[in-house]
Amino acid sequence: MTLASLTPQAALPSPSTAVWQLGPVPIRAYALCIILGIVVACWVTERRLRQRGVAPGAVLDIAVWAVPAGIIGARIYHVITSPEKYFGTGGDPMKAFAIWEGGLGIWGAVAGGAVGAWLAARQLGIPFAVVADALAPGLPLAQAVGRLGNWFNNELYGGRTSLPWGLEIHRMDPDNPGHALRDDSGQPILEPGLYHPTFAYELLWNLGVAALVLVLDRKLRLGRGRAFALYVMGYTAGRFWIELMRTDEANTILGVRLNVWTAGLVFLGALAYFVRVRGPREYVVPVGAAATPEPVVDSDVSQVDLSAREAGARPAAPEGYRVVSEEQYRHWRETGEAPAEPDGSADAPSDGSAGADAAPGSGAETPQDRAGATGTRPAERDS
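Thresholds, definitions, all that
- Residues numbered from 1 in each chain as written.
- Predicted model: local features only at pLDDT ≥ 70, side-chain atom pairs only at ≥ 80, totals over all residues.
- Heavy atoms only, no water.
- Helix = DSSP H or I, 4+ residues; strand = E, 2+ residues; numbered from the N terminus.
- Buried < 20%, exposed > 50% of the residue type's maximum accessible area, 1.4 Å probe, protein only.
- Contact = heavy atoms within 4.5 Å.
- Areas by Shrake-Rupley, 256 points an atom, 1.4 Å probe, with all protein chains shown as cover.
- Axes fitted to C-alpha atoms, helices over the stretch in contact; angles between N-to-C directions.
- Parallel < 35°, antiparallel > 145°, perpendicular 65-115°, else oblique.
- Left-handed = near helix turned anticlockwise from the far one by under 90°.
- Nonpolar A, V, L, I, M, F, W, Y, C, P; charged D, E, K, R; others polar.
- pLDDT = per-residue confidence, 0-100.
- Pairing = 2+ DSSP bridges.
- Phe/Tyr/Trp six-rings, centres within 6.5 Å; stacked < 30°, edge-to-face > 60°.
- Lys NZ or Arg CZ within 6 Å of the ring centre and 35° of its normal.

Structural notes on the overall build of the protein
Logical step 1: Looking only at helices and strands, one finds 12 helices and 8 strands in the protein.
Logical step 2: Residue burial in the protein is summarised as follows: out of 383 residues, 42% are buried.
Logical step 3: For the protein, the proportion of contacts with a sequence separation of at least 24, taken over those separated by at least 6, is 75%.
Logical step 4: When the accessible surface of the protein is split by element, carbon and sulfur atoms take 64% of a total near 19,800 Å².

As structure tokens, this is what we get:
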């Protein structure tokens, strides 16, 4: 066996630059990937919300709340789980606000984004479970796109490997963030050897999770937040083993990385929810606006008549939504006839109905439980 036989014949390169200057404005690859991921998630969620009866454009109203809340939550999680960088000896508390220097935790992003989406759902009168299930495949797609930012940053890699897909890692310049250190000849300096591209493993895993959610959701007609729970289970299962491969600095509990514990606990919580909660998929019809029903489209591919959209003004947003069964929803889509409420009226919202305030699986009796997933949902706008 020769030394040449031990040398890998192929490798994945890494960018040596992750920040570009547009005049005085720095353009960061990581930020661009995050933004692109958000756009992908919004596009998928918009289509799925419309398939469930929500008016066009609602995802933008949700994103206004969910995206900032997700970023704040991600930063809070990072600061809490890595406090030594900001507090105590050698720490700088003001650096906790320097989000452009990196440091976002996906667990905090999901939790914060969920709070923001819940607040938005209350404003729009949409049951939160409908929003969560619509978001379920879009979120892992967004995470997959976001992981490309780690590739640009030369971070989140694993141990040494001789596999053909081993990753080259540049030694980054601490005094010039986003740029690799260079030798006397101006060439970027590489760390010795090749490394497991764990960010790429997670990217591919997330694509698989998105496909899994789409397939099982279509087959099983998941509702009451179970599609979102399926996403959480799929993501945390992958994050568990991928996290064990990572070699970057991290806090540990009993010698195990903190995020490994988090992934395991969150997986168990999502599994318990998925097994315990039952119920049909929720559909909604608008209340308080003469929305024109559109033909039922089973495909995940959006089919929109752009010429018709440009010809007229955007219809007024509904005051809220009523939860109905799938049969009632399809009938409304095909005929324009609003399903009758239990008291016989067609559109009048009633107080005390199901909606965004009743979390799926909370044990509270809802109109869906009493009358075959038929109920009402008044608007809940702040005065």
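Overview of the packing of helix α6 (residues 138-152) against helix α7 (residues 198-220)
The description of two helices packed together rests on the angle between their axes and the distance between the axes.
Logical step 1: With their axes 8 Å apart at the nearest point, α6 and α7 run at an angle of 170 degrees to one another. When the axes of α6 and α7 are compared, the pair comes out roughly antiparallel. For the pair α6 and α7, the crossing hand works out as left-handed. Contacts from Pro140, Leu141, Gln143, Ala144, Arg147, Leu148, Asn150 and Trp151 of α6 reach α7 at Phe199, Glu202, Leu203, Asn206, Leu207, Val209 and Ala210.
Logical step 2: Here the contact of α6 with α7 is built from residues that sort into 10 nonpolar, 3 polar and 2 charged.

With respect to the side chain of Glu202
Logical step 1: Assignment of secondary structure puts Glu202 in helix α7.
Logical step 2: Since its relative accessible area comes to 4%, Glu202 is described here as buried.
Logical step 3: Apart from residues no more than four positions distant in its own chain, Glu202 is found in contact with Arg147, Tyr235, Arg239 and Ile242.

Section: the confidence of the model for the protein
Logical step 1: In the predicted model, the protein carries a mean pLDDT of 81, and 78% of its residues have values of at least 70.
Logical step 2: Averaged pLDDT values for the elements of the protein fall to 42 in helix α12 (residues 367-370) and rise to 96 in α7.
Logical step 3: Within the model, the stretch residues 306-312 combines pLDDT values under 50 with 2 contacts to residues more than four positions away or in other chains.

Brief notes about the environment of Gly166
Logical step 1: Mapping Gly166 onto the fold places it in the loop between β3 (160-161) and β4 (194-195).
Logical step 2: The spacing of Gly166 and Pro13 is 153 residues in sequence and 8.8 Å in space, taken between C-alpha atoms.
Logical step 3: With residues near it in sequence (within four places) discarded, Gly166 still touches Ala11, Leu12, Thr161, Leu194 and Tyr195.

Here we look at the pairing of strand β7 (residues 283-287)
Logical step 1: In terms of residue burial, β7 counts as a mostly covered element, since 5 of its 5 residues are buried.
Logical step 2: As paired strands, β7 and strand β8 (residues 320-324) are joined by 5 bridges and run antiparallel to one another. The residue bridging Tyr283 from the neighbouring strand is Val324, located in β8.

A short note on the packing of aromatic side chains
Logical step 1: A full pass over the atoms with the stated rule returns 10 aromatic pairs.
Logical step 2: Measuring from ring centre to ring centre gives 6.3 Å for Tyr329 and Trp332, while their planes differ by 35 degrees; the resulting arrangement is tilted. You can see Tyr329 and its partner Trp332 sitting in helix α11 (residues 326-335), 3 residues apart, about one turn around the helix.
Logical step 3: Owing to a relative accessible area of 8%, Trp332 belongs among the buried residues under this scheme.
Logical step 4: One aromatic cluster is present, built from ring pairs that chain together Trp107, Phe228, Tyr231 and Tyr235.
Logical step 5: In this structure, Arg47 is placed above the aromatic ring of Trp43, and the distance from its NZ or CZ to the ring centre is 4.2 Å.
Logical step 6: Sitting above the plane of the Phe274 ring, Arg226 keeps its charged end 4.2 Å from the centroid.

Concerning the environment of Ala11
Logical step 1: Here Ala11 lies in the loop between α1 (3-6) and β1 (19-22).
Logical step 2: Taking relative accessible area as the criterion, Ala11 reaches 33% and is therefore assigned partly exposed.
Logical step 3: A sequence separation of 154 residues divides Ala11 from Trp165, and the C-alpha atoms of the two residues are 5.3 Å apart.
Logical step 4: Among all residues touching Ala11, those that are not within four sequence positions of it are Pro164, Gly166, Glu168 and Leu194.

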